[in-house]
Amino acid sequence: MRALVLVLAMAAAGGAAAAPHPSTVRLEGTLAVEVAPRLGGRLLHLSLPGRPNLLLVGDAVRARPEPEPDADGPHIPYMGHEVWVGPQADWWRFQDLNPARRRAAAQWPPDPWLAHAPARVLEQGEGHLRLEGAPSPVSGVRLVHGFTLAPDRPAIALEVEMRNIRREPVARDIWFNSRVPPETRVFVPVAADGGGVRVRSDTGGGYDGLVVRTADGLLSLELEPPGPGLHGRRGKVFIQPAAGWIAGFRAGQAFLIRFDHQPPERIHPEQGQVELYMDWRPDAADTGMLELEVHGPYTTLAPGAAVRAREEWTVLPYPGQDTPQAQAAFLPRLLEAAGVR
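Not measured: the values here are computed from a predicted model.

Parameters at a glance
Residues numbered from 1 in each chain as written. Predicted model: local features only at pLDDT ≥ 70, side-chain atom pairs only at ≥ 80, totals over all residues. Heavy atoms only, no water. Salt bridge = Lys/Arg side-chain N within 4 Å of Asp/Glu carboxyl O. Helix = DSSP H or I, 4+ residues; strand = E, 2+ residues; numbered from the N terminus. Buried < 20%, exposed > 50% of the residue type's maximum accessible area, 1.4 Å probe, protein only. Lys, Arg positive; Asp, Glu negative; His and termini not counted. Pairing = 2+ DSSP bridges. Axes fitted to C-alpha atoms, helices over the stretch in contact; angles between N-to-C directions.

Visitor: What's the story with the pattern of salt bridges in this structure? I'm lost.
Guide: Between side chains of opposite charge, a pair can form when the charged atoms approach closely. Per the stated rule, a full pass over the model turns up 22 salt bridges. E66 is the partner of R38 in a salt bridge, and the nearest nitrogen-oxygen pair spans 2.9 Å. Pair noted here: R38 is in the loop between β3 (32–36) and β4 (42–47) and E66 is in the loop between α1 (60–63) and β5 (81–86), with a separation of 28 residues, a long-range link. Assessed through its relative accessible area of 6%, R38 is described here as buried. When the shortest N-O distance is used, the salt bridge between E82 and R42 registers 3.2 Å. Pair noted here: E82 is in strand β5 and R42 is in strand β4, with a separation of 40 residues, a long-range link. Each member of the pair, E82 together with R42, is buried. The network of salt bridges with shared partners includes R42, E82, R179 and E291.

Visitor: Honestly, the side chain of E311 in this entry has me stumped. Any pointers?
Guide: Position of E311 among the secondary structure elements: in strand β22 (residues 306–317). Summary of buried charges: E311 has no salt-bridge partner, and the nearest side chain of opposite charge, R310, is 10.0 Å away.

Visitor: Sorry if this is basic, but what is going on with the sheet that holds strand β15 (residues 218–221) here?
Guide: Hydrogen bonds along the backbone pair up the strands of a sheet, which may run parallel or antiparallel. Taken in spatial order, the ten strands line up as β6-β7-β8-β9-β22-β18-β17-β11-β15-β14 in an open sheet, and their pairing is antiparallel. Each having just a single partner strand, β6 (120–125) and β14 (212–215) make up the two edges of the open sheet. Taking the axes of each pair of neighbouring strands and ignoring which way they run, one obtains an average angle of 15 degrees across the sheet. Sheet topology note: the strand β11 (residues 185–189)/strand β17 (residues 245–250) ladder contains three bridges and is antiparallel. Residue pairing in the sheet places F187 in a bridge with A247 of β17.

The structure is reproduced here in structure tokens:
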């Protein structure tokens, strides 16, 4: 029997009064899931029951549990799974709260109202949670997040609605971003000729470029030691995938992220439908990350109009070896469990 446990943040004095928004909500069943409404509806844990977290979560979750959105503030590295809006070049272009970032067409930090303003619980039930995020004066949208566990298999649907709250049209896409440890081996299906892939290696500051491997229609990133005198590898891969999924392997688990496959013309030209960002330092444990990013269609929304996007995660035990060959051989079983034909 699945159970939903709502954990409320309590006031320090006596611990008797609940905060206006839950700190975390746990969905427990065929998967173990933890969501943080107080951090914008961010997903903090996803795994098979009793298994290690597949997501990478930052120390800021404990150090700064009650953030306030600030148009002048820095990025707070909570990590986990969150939702941005694309394209990145427009993050600060159409707002008046921070003129300096508007003039610079700043591409960092992300919108703090979407990242960590409190989200309100709209619905909660057995294996289901729906949250309404704060209206953002930076992006001009409001996000509504839905989390639904499948009743009969180890899967969860992550659904997002993006609504224009301005009196003029806004052009955006829904951008899922899942942080995992860089040791996670990930496969993305690509064209047999390797087309539809663009690699940006962020060298400098002691970093080497990415090592991208493409074989048998699958793209992966390899953790080869950096060159002499360098301490890590960093960069991003922009991908037009051949199908709507990403597979990953870590900690004795295999996961598959399904999404609606889009033609290239529906994705903003500065983005890829799938993007992999890696920052990896083999000599500095627990400092790197791998981002698994999925963009929905780039859409112009009239005032009050909304668009939706969806991911579905399926997780299986993985008893095999930590090698690309063994993991690729397991993929047909993972795809079948996720209903991919």
